[in-house]
Amino acid sequence: QSAFDLFDMMISRGICPDAYTVTSMVGLHKDSVGLSKLWARSITEFQVRMTPIIYNAFITAYGKVGDPSSAAWAFYKFLSIQSQGGWRKSWNIFLGSLSNGSRNRGADELDVFSSVAALGLERVVDEPGKRGGTKSDSARKATDIMSQIMGMDCAQAGRYILDQMTASEEYPSPDSQSYCLVATAMFHVGTS
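Going along each chain's sequence as written, the residues are numbered from 1 onward. Whole-chain, interface and lining totals are the exception, using all residues; otherwise, since this is a predicted model, local features are given only for residues with pLDDT of at least 70 and side-chain atom pairs are given and counted only at 80 or more. Side-chain calculation: all heavy atoms of the structure are included, whereas hydrogens and water are not.

Draft legend 1. Inspection of the overall build of the chain at higher detail. Counting secondary structure elements, the chain contains ten helices and two strands. Starting at the N terminus, the α and β elements of the chain follow one another as α-α-α-α-α-α-α-β-β-α-α-α. For the chain, the C-alpha radius of gyration of 16 Å lies close to 16 Å, the compact-globule estimate for 192 residues. Seen through its C-alpha atoms, the chain measures out along the principal axes to roughly 50 × 40 × 30 Å. Buried positions account for 49% of the 192 residues belonging to the chain. Contact criterion: two residues are considered in contact whenever any of their non-hydrogen atoms come within 4.5 Å of each other. The contacts in the chain between residues at least 6 apart in sequence include a share of 71% that link residues at least 24 apart. Put simply, DSSP marks the helices as runs of H or I at least four residues long and the strands as runs of E at least two long, and each gets a number from the N terminus on. The size measure is the radius of gyration over C-alpha atoms, and the globule rule it meets is 2.2 Å times the number of residues to the 0.38 power. For every residue, the accessible area obtained with a 1.4 Å probe (protein chains only) is divided by the maximum for its type, and the residue is called buried under 20%, exposed over 50%, and partly exposed between those limits.

Draft legend 2. Examining the nonpolar core more closely. Definition used in this section: a nonpolar core is a set of buried Ala, Val, Leu, Ile, Met, Phe, Trp, Tyr and Cys residues joined via side-chain atoms within 4.5 Å. Membership of the largest hydrophobic core comes to 52 residues, with the highest contact counts inside it found for W39, F58, Y62, W73, I149 and I161. The greatest single-element share of this core, amounting to eight residues, is contributed by helix 5 (residues 68–80).

Draft legend 3. Highlighting the pattern of salt bridges. Salt bridges, as used here, are contacts in which a Lys or Arg side-chain nitrogen is within 4 Å of a carboxyl oxygen on Asp or Glu. By the definition in use, this model includes five salt bridges. In this structure, K141 and D137 form a salt bridge, with 3.1 Å as the shortest nitrogen-oxygen distance. Placement of the pair is K141 and D137 together in helix 8 (residues 137–149), with a separation of four residues, close to one helical turn. With relative accessibility at 42%, the residue D137 sits in the partly exposed group. K141 serves as the salt-bridge partner of E170, at 3.1 Å between the closest nitrogen and oxygen. With E170 in the loop between helix 9 (154–167) and helix 10 (176–189) and K141 in helix 8, this pair connects stretches of sequence that are 29 residues apart.

Draft legend 4. Broad picture of helix 2 (residues 19–26). Buried residues of helix 2: T21, V22, M25 and V26, and no others. Along the axis of helix 2, the buried residues cluster in a sector spanning 140°; they form a single face. At its buried positions, helix 2 is contacted by helix 1 (3–12), helix 3 (32–44) and helix 4 (52–64). Polar contacts, as counted here, are pairs of nitrogen or oxygen atoms within 3.5 Å of one another; within protein the pair requires one atom able to donate a hydrogen and one able to accept it, and residues that are adjacent in sequence qualify only if both atoms are side-chain atoms. A distance of 3.3 Å separates the backbone nitrogen of Y20 from a side-chain oxygen at the start of helix 2, and that oxygen is part of D18. Working definition: the arc comes from the directions between the helix axis and the C-beta atoms, pointing outward to the latter.

Draft legend 5. Spatial organisation of the environment of W73. By the secondary structure assignment, W73 is in helix 5. With relative accessibility at 3%, the residue W73 sits in the buried group. Separated by 40 residues in sequence, W73 and V33 place their C-alpha atoms 14 Å apart. Each residue touching W73, except ones within four places of it in the same chain, is listed here: W39, V112, F113, S115, A117, A118, L121 and V125.

Draft legend 6. Representation of unusual backbone geometry within the structure. We note that Q47 has phi near 55°; this positive angle belongs to a residue other than glycine. On the secondary structure map, Q47 appears in the loop between helix 3 and helix 4. We classify Q47 as exposed; its relative accessible area is 64%.

Draft legend 7. Examining the environment of T184 more closely. Mapped onto the elements, T184 comes out in helix 10. The class of T184 is partly exposed, set by a relative accessible area of 24%. For the pair T184 and L98, spaced 86 residues apart in sequence, the C-alpha to C-alpha distance is 9.3 Å. Once residues within four sequence positions are removed from consideration, T184 is found in contact with S99 and S102.

Here is the structure:
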């Protein structure tokens, strides 16, 4: 019996997963499709409210399964709801996903809005930051960042994100971990 069978058994017995359970299950998936299905179920079936911790878990997991484009899309969704650019930890988690993604497909171009996550969740996850039919300032900033890294490889995207963290007061300042994660991505892609 697999962990997923036990998870389904729990649900069939009327025990609805909470945010902690979803976060725990995220780490068990080995591909982007499974992660996206769990995200969709979390919202539609379990009605779990997406918290920064859950976003961070999905961003990390997409990077670990080698899908940095889906990690970028999850980060985009997270940034779109943040009023002040998010936490440094979340930015470093995204840089870590780019670093992890660079190990397998690091030289591939990021295609954020056509990623497995974006295509699998576009009808499930609301357009972030929309109020009365217009995008919020957070959503516009998130869209701008993602538009800038589209077509970049993981190392280029990581360097761009690091530069934004350094230059803009709208985003958290980088720390030593930020620099190390970008350096690792650059090493994996061969731009060291």
